[in-house]
Amino acid sequence: MNKTTLYATIIAIILMFVSLVSWIVDQMTFAILSANLGVLILAVATLWDNRNHLTK
């Protein structure tokens, strides 16, 4: 895992915790947005890291 993928994963995990805290303090819109952004970043980072193995 290279540094860029590691940083993207850390940012995605932080966004997931931000989403959880937002949900606890009853900020539903921000919780949904931050969770979706975290999932999107994690999916893109995973696909980018494994892009060479997808075509084989």
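Residues numbered from 1 in each chain as written. Predicted model: local features only at pLDDT ≥ 70, side-chain atom pairs only at ≥ 80, totals over all residues. Heavy atoms only, no water.

Chemist: When you look at helix 2 (residues 28-49) in this model, what are you seeing that I'm missing?
Modeler: The first and last C-alpha atoms of helix 2 sit 31 Å apart over 22 residues, in line with the 32 Å expected at 1.5 Å per residue. Buried within helix 2 are the following residues: Ala 31, Ser 34, Ala 35, Gly 38 and Ala 45. Burial along helix 2 is one-sided: seen end-on, the buried residues are contained in an arc of 100°. Facing away from the buried surface of helix 2 by more than 90 degrees, the exposed residues are Thr 29, Ile 32, Leu 33, Leu 40, Val 44 and Trp 48. (Helix = DSSP H or I, 4+ residues; strand = E, 2+ residues; numbered from the N terminus. Expected span 1.5 Å × (residues − 1). Buried < 20%, exposed > 50% of the residue type's maximum accessible area, 1.4 Å probe, protein only. Arc of directions from axis to C-beta.)

Chemist: Is there a simple way to explain the packing of aromatic side chains in this structure?
Modeler: Here the distance between the centres and the angle between the planes together describe a pair of aromatic rings. According to the stated counting rule, one finds zero aromatic pairs in the structure shown. Lying across the ring of Trp 48, Arg 51 places its NZ or CZ 4.2 Å from the centre. (Phe/Tyr/Trp six-rings, centres within 6.5 Å; stacked < 30°, edge-to-face > 60°. Lys NZ or Arg CZ within 6 Å of the ring centre and 35° of its normal.)

Chemist: Explain the UniProt feature "transmembrane region" (unreviewed entry) in the protein chain to me, please; I cannot follow it from the model alone.
Modeler: In this structure's numbering, the residues bearing the UniProt feature "transmembrane region" (unreviewed entry) are residues 7-24 and 30-48. Along residues 30-48, the helical share is 100% and the strand share 0%, with 27 Å between the first and last C-alpha atoms. (UniProt positions renumbered as here; feature names shortened; annotations may be inferred.)

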